[in-house]
Amino acid sequence: MNTRHQPSAPTTPPTSASEPANSAWIPWLLVMVLLSALVAACVGFLKVVDGTPASGALLSAGTAFGGTALLCLAVVPVVQQLRHRG
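Residues numbered from 1 in each chain as written. Predicted model: local features only at pLDDT ≥ 70, side-chain atom pairs only at ≥ 80, totals over all residues. Heavy atoms only, no water.

### Examining the overall build of the protein chain
And step 1. Regarding its fold elements, the protein chain presents two helices and zero strands.
And step 2. Approximately 7,500 Å² of the protein chain is accessible, and the part contributed by carbon and sulfur atoms is 68%. (Helix = DSSP H or I, 4+ residues; strand = E, 2+ residues; numbered from the N terminus. Areas by Shrake-Rupley, 256 points an atom, 1.4 Å probe, with all protein chains shown as cover.)

### A short note on helix α2 (residues 54–85)
And step 1. The end-to-end C-alpha separation of α2 is 47 Å, in line with the 46 Å expected for 32 residues at 1.5 Å each.
And step 2. Taken together, the buried positions of α2 are occupied by A57, A61, A64, T68, C72 and V76.
And step 3. In this fold, the buried residues of α2 make contact with α1 (25–50). (Expected span 1.5 Å × (residues − 1). Buried < 20%, exposed > 50% of the residue type's maximum accessible area, 1.4 Å probe, protein only. Contact = heavy atoms within 4.5 Å.)

### With respect to α1
And step 1. For α1, with 26 residues, the first-to-last C-alpha span of 37 Å sits near the 38 Å given by 1.5 Å per residue.
And step 2. The complete set of buried residues in α1 reads M32, S36, A40 and G44.
And step 3. Buried residues along α1 sit against α2.

### Thoughts on the side chain of T68
And step 1. Along the chain, T68 turns up in helix α2.
And step 2. Residue T68 is classed as buried on the basis of its relative accessible area, which comes to 15%.
And step 3. If sequence neighbours within four positions are ignored, T68 has contacts with L35, S36 and V39.

### Notes on the packing of α1 against α2
And step 1. Relative orientation of the contacting elements α1 and α2 amounts to 150 degrees, with a least axis distance of 8 Å. By the criterion of interaxial angle, the relationship of α1 to α2 is roughly antiparallel. Judged by the twist between their axes, the crossing of α1 over α2 is right-handed. Across the interface between the two elements, W25, M32, V33, L35, S36, A37, V39, A40, V43, G44, K47 and V48 of α1 pack against A57, S60, A61, A64, F65, T68, A69, C72, L73 and V76 of α2.
And step 2. Looking at the contact of α1 with α2, its residues break down into 17 nonpolar, four polar and one charged. (Axes fitted to C-alpha atoms, helices over the stretch in contact; angles between N-to-C directions. Parallel < 35°, antiparallel > 145°, perpendicular 65-115°, else oblique. Left-handed = near helix turned anticlockwise from the far one by under 90°. Nonpolar A, V, L, I, M, F, W, Y, C, P; charged D, E, K, R; others polar.)

### Focus on a nonpolar patch on the surface
And step 1. On the surface, a cluster of nonpolar side chains totalling about 260 Å² of accessible area is made up of W25, L29 and L73.
And step 2. Topologically, L73 is positioned in helix α2. (Patch = residues over 30% accessible without salt bridge, like charges linked within 9 Å, V, L, I, M, F, W, Y side chains within 5 Å. Salt bridge = Lys/Arg side-chain N within 4 Å of Asp/Glu carboxyl O.)

This is how it looks when you write it as structure tokens:
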């Protein structure tokens, strides 16, 4: 009687019914967006003060926003890994 045993589906840890698992992301995403907007506004202001045309200042501010947002999002997995180690 050789029967194959089906592997069971991976189980996920139970979460609290009153709070969704991803609810902690909302305030952190808001902080990331606001920080990125602040950096972008500062870069845009400094470019305008330097005499750069508005189009160039807007392009630099957009680049600063994107770079800051990517950096903030890249920090999240690093912090999670450090929490699991310690």
